[in-house]
Amino acid sequence: MILTLLLTAALHTGAKPPPTNMLQNTSWEADGGIRLEFYTGDSMRTFVDGRLLATATYRITESVFSIIDRSGPLTCLPGKKGLYSWLYKDQKLELTRMSDKCEERGQFLHGLKLKRSS
């Protein structure tokens, strides 16, 4: 009943429903052996040549991808958040750094063009 009321209110106010998470349960690859895997919920892993670099928590909205590393050999210090605009075009996902408190991750992810592998 409450959900129905909320959806009805959203329709009447013109509010958009939250976007679906197109990354959930997918894997994406880029040149250089880079692979990003996204899981159910908000967790992801970054690999290069099959080697785990970092596990992280992420969020995606209509235009912003945010990331906070959690563990792994090349993890940024805890709490360092990165914000990226993202664009899905021509079957590729491209990330552009807006801000990232972890310089190494920012250099790694900025301009990355990924193609879905699963």
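The structure under discussion appears in the preceding block.
Residues numbered from 1 in each chain as written. Predicted model: local features only at pLDDT ≥ 70, side-chain atom pairs only at ≥ 80, totals over all residues. Heavy atoms only, no water.

Some details on the side chain of T26
Move 1: When you line up the elements, T26 lands in strand β1 (residues 26-30).
Move 2: There is a polar contact of 2.7 Å between the side chain of T26 and the side chain of W28.
Move 3: Other than its neighbours up to four places away in sequence, T26 contacts L36, E37, F38, R116 and S118. (Helix = DSSP H or I, 4+ residues; strand = E, 2+ residues; numbered from the N terminus. Polar contact = N/O pair within 3.5 Å; in protein donor to acceptor, adjacent residues only side chain to side chain. Contact = heavy atoms within 4.5 Å.)

Some remarks on the pairing of strand β2 (residues 34-38)
Move 1: For β2, the tally of buried residues reaches four of five residues, placing the bulk of the element in the interior.
Move 2: With five bridges joining them, β1 and β2 adopt antiparallel strand pairing. Residue pairing for β2: T26 is matched across the bridge by F38.
Move 3: Between the end of β1 and the start of β2, which pair antiparallel, lie three residues, with G32 showing a positive phi angle near 85°.
Move 4: Pairing analysis gives five bridges linking β2 to strand β3 (residues 43-48), with the strands arranged antiparallel. Of the residues in β3, the one forming a bridge with L36 is T46. (Buried < 20%, exposed > 50% of the residue type's maximum accessible area, 1.4 Å probe, protein only. Pairing = 2+ DSSP bridges.)

Just distances and angles here, no functional claims.
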